[in-house]
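Listed below are the residues making up each chain.
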Amino acid sequence: MKKILEVNNVGLSYSMGKGNFEVIDKVSFNVYENEFLTIVGPSGCGKSSLIRIISGLLEPTRGEVVYRRRKVNGPQMGMSMV
């Protein structure tokens, strides 16, 4: 199967007051053509932040996202969020 999305060691943290707040830490997975992916978890665990990173609306603190063999550096054609 053809790989269409790579999420490689993605992390996101925010500076708050005297320290950093880790929202996402070391998330990695691949999505292949004709697969269906669901991201689940409790409120506030970083699901929406991860989706924003994947779609290019938010820059990760570390790691990278590759969509159709191109590094995601901003909003991507052919990708949407519901």
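This text follows the structure it describes.
Each value, and the rule that gives it
- Per-chain numbering applies: the sequence of each chain, read as written, is numbered from 1 onward.
- Local features in this predicted model are restricted to residues whose pLDDT is 70 or higher, and side-chain atom pairs enter the listing and the counts only when it is 80 or higher, whereas totals over whole chains, interfaces and linings include all residues.
- In computing side-chain properties, one takes all heavy atoms of the structure into account and sets aside hydrogens as well as water.
- The secondary structure listing takes helices from DSSP runs of H or I that are at least 4 residues long and strands from runs of E that are at least 2 residues long, numbered from the N terminus.
- Identification of polar contacts relies on pairs of N or O atoms within 3.5 Å, with a donor-acceptor requirement for protein atoms, meaning one able to donate a hydrogen and the other able to accept it, and with residues adjacent in sequence counted only if both atoms are side-chain atoms.
- Only heavy atoms enter the contact rule, under which two residues are in contact if any of them lie within 4.5 Å.
- Definitions used throughout: a 1 Å grid over protein atoms alone; a cavity as a set of points that fits a 1.4 Å probe which cannot get out; a pocket as an open set with protein on both sides within 12 Å along at least five of seven lines; a lining residue as one with an atom within 4 Å of a point.
- Grid points are joined across faces, edges and corners, and a volume is the space filled by probe spheres set on the points.
- In this count, Pro and Cys sit with the nonpolar residues alongside Ala, Val, Leu, Ile, Met, Phe, Trp and Tyr, while Asp, Glu, Lys and Arg are called charged and the others, Gly among them, polar.
- For this analysis, a salt bridge means a side-chain nitrogen from Lys or Arg found within 4 Å of a carboxyl oxygen belonging to Asp or Glu.
- A simple rule labels every residue: compare its accessible area, found with a 1.4 Å probe on the protein chains alone, to the largest value its type can have, and call it buried under 20%, exposed over 50%, or partly exposed in between.

Considering the arrangement of structural elements, one finds Q76 in the segment after β4 (70–71). Within the local environment of Q76, its side chain forms a polar contact with the backbone oxygen of G74, the two atoms lying 2.7 Å apart. Residues in contact with Q76, not counting those within four places in the same chain, are S55 and Y67.

The next point concerns the layout of surface pockets. What the largest pocket holds in volume is close to 550 Å³. Lining the largest pocket are 19 residues, and of these L5, I51, I54, M79 and S80 lie nearest its centre. Among the elements that line the lining of the largest pocket, the one with the most residues is helix α1 (residues 47–55), at four residues. Size it by volume and the second largest pocket reaches roughly 170 Å³. For the second largest pocket, the lining is made up of 15 residues, of which E59, P60, K71, V72 and N73 are closest to its centre. When residues in the lining of the second largest pocket are grouped by element, the largest group, four residues, is from strand β3 (residues 62–67). Split into classes, the residues belonging to the lining of the second largest pocket amount to six nonpolar, five polar and four charged.

Our next topic: the pattern of salt bridges. This model, assessed by the stated rule, comprises two salt bridges. The shortest N-O distance in the salt bridge between E22 and R62 comes to 2.5 Å. Of this pair, E22 sits in strand β2 (residues 19–32) while R62 sits in strand β3, placing them 40 residues apart in sequence. Relative accessible area serves as the criterion here: at 42%, E22 is assigned to the partly exposed category. Exposure remark for R62: the relative accessible area of 30% places this residue in the partly exposed category.

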